[in-house]
Amino acid sequence: MRTKPTLTWTPEGEPAPRTTDLAEVERVLSEGDVVVLSGAGLSTESGIPDYRGEEGSLRRHTPMTYQEFVTSEEGRRRYWARSHLGWRTIARARPNAGHRAVAALRAHGFVSGVITQNVDGLHQSAGTAPVIDLHGSLDRVVCLGCRRTSAREALDRRLRAANPSFAAATTRINPDGDVDLADEMVREFRLVSCVACGSGVLKPDVVFFGENVPRDRVERCYRTVDEGRALLVLGSSLTVMSGLRFVRHAARSGKPVLIVNKGQTRGDAHAQVRVDLPLGKALTELTGRLGCS
Ligand code: APR
Ligand code: ZN
């Protein structure tokens, strides 16, 4: 069964109180073994917009769905043309102070596991390992025919060779790694297929809207949450069930849930503390206080 894409969420009732005081987050972290669940808000300070924040991409752009990608060659052409241009920006993006702080917290044992909903690889670039890429990663490509995965860089070279004069004045990048592009530009774009099987359709190895996260990956996340003492959400509106389920699970298991995020989230009712601060600043402050900056 495929889930219907959840694009937005409308808060109901009184918002839960939020604070700018980091004391409780510091206290829980100081006891160690906290699991981080990060979202697009952690990468905005690296120049990649989020989906639903103040300047979120969903305000101006409807992302490709899995159904459209697999059923429509036109849809795939549009996706790859836009993504081909957007990839440069994603590949060039550097981790920010927030990613570096998570790496330091992980290295010192304050954090025991990192689950990210982001597909930009910036936790890994900051030196965090291992990371569970819940929604996959833009640096890999999967063949829908033979299921083999390959490096995005290799595909990038092939797409450049197939489209030597393809360049466009692009508008802003989206967190999915694509850009907005005029239809006439899309029509010129030439697709390539899988080199391993010769004919398979290539898809970025990310979970599209309307696609389910592979079951074993979800199980790995549940285990990571179970092994931790608390769950710390960083920069996610928790709109999609894919991330929210771990918050609900942690809360049901009696584990503290802490959220650092600008604005309300769909998981607020499950959290014991909600800190409303920019992540670079907040996480740098925390590593300083915990002596691991
Ligand atoms: N500091 C703190 N919070 C921030 C910052 C920042 N610098 N920048 C943005 N935020 C907050 C936004 O206000 C917003 O509440 O981060 C949150 C990001 O939420 P979303 O844009 O909804 O991103 P995310 O929760 O990661 O989305 C989950 O939904 O669209 C799908 O598959 C996609 O992985 C994605 C999933
Ligand atoms: Zn193949």
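Definitions and limits used
Residues numbered from 1 in each chain as written. Chains lettered and ligands numbered in written order. Predicted model: local features only at pLDDT ≥ 70, side-chain atom pairs only at ≥ 80, totals over all residues. Heavy atoms only, no water. Near = heavy atom within 4 Å. Polar contact = N/O pair within 3.5 Å; in protein donor to acceptor, adjacent residues only side chain to side chain. Nonpolar A, V, L, I, M, F, W, Y, C, P; charged D, E, K, R; others polar. 1 Å grid on protein atoms, 1.4 Å probe; cavity = no way out; pocket = protein on both sides within 12 Å on 5 of 7 lines; lining within 4 Å. Points joined across faces, edges and corners; volume = space filled by probe spheres on them. Domains from an automatic or database assignment. Contact = heavy atoms within 4.5 Å. Buried area = accessible area lost by both parts, 1.4 Å probe. Salt bridge = Lys/Arg side-chain N within 4 Å of Asp/Glu carboxyl O.

We now examine the site of ligand 1. Near ligand 1, the surroundings consist of 22 residues, among which Y51, R52, S236, S237 and K262 are the closest. N261 places a polar side-chain atom, nitrogen or oxygen, 3.0 Å from an oxygen atom of ligand 1. The backbone of L279 places a nitrogen or oxygen atom 3.0 Å from a nitrogen atom of ligand 1. Considering only residue class, the shell around ligand 1 consists of eight nonpolar, ten polar and four charged.

Next up on the list: empty space enclosed by the protein. Gaps left between atoms show up when a probe the size of a water molecule is rolled over them. By the definition in use, this model includes one cavity of 30 Å³ or more. The space that makes up the largest cavity amounts to roughly 70 Å³. Together, A40, S43, I48, P49, Y51, Q117, N118, V119, D120 and P175 line the largest cavity. Looking at the lining of the largest cavity residue by residue, the classes come out as six nonpolar, three polar and one charged.

Before going further, it helps to spend a moment on the domain arrangement of the chain. Many analyses report the size of an interface as the accessible area lost when the parts associate. Structurally, the chain comprises domain 1 (17-48 + 95-135 + 210-293) and domain 2 (56-92 + 138-206). Placing the centre of domain 1 and that of domain 2 at their C-alpha centroids yields a distance of 29 Å. The interface of domain 1 with domain 2 comprises seven residues on the first partner and nine residues on the second. Both sides together, the interface formed by domain 1 and domain 2 hides about 790 Å², and carbon and sulfur atoms give 57% of it. Broken down residue by residue, the surface that domain 1 buries against domain 2 is led by I48, V119 and E211, which jointly contribute 57%. Counting across the interface, domain 1 meets domain 2 through one salt bridge. Across the pair K203 and E211 runs a salt bridge whose closest N-O atoms are separated by 3.3 Å. Considered class by class, the residues forming the side of domain 1 that touches domain 2 number two nonpolar, three polar and two charged.

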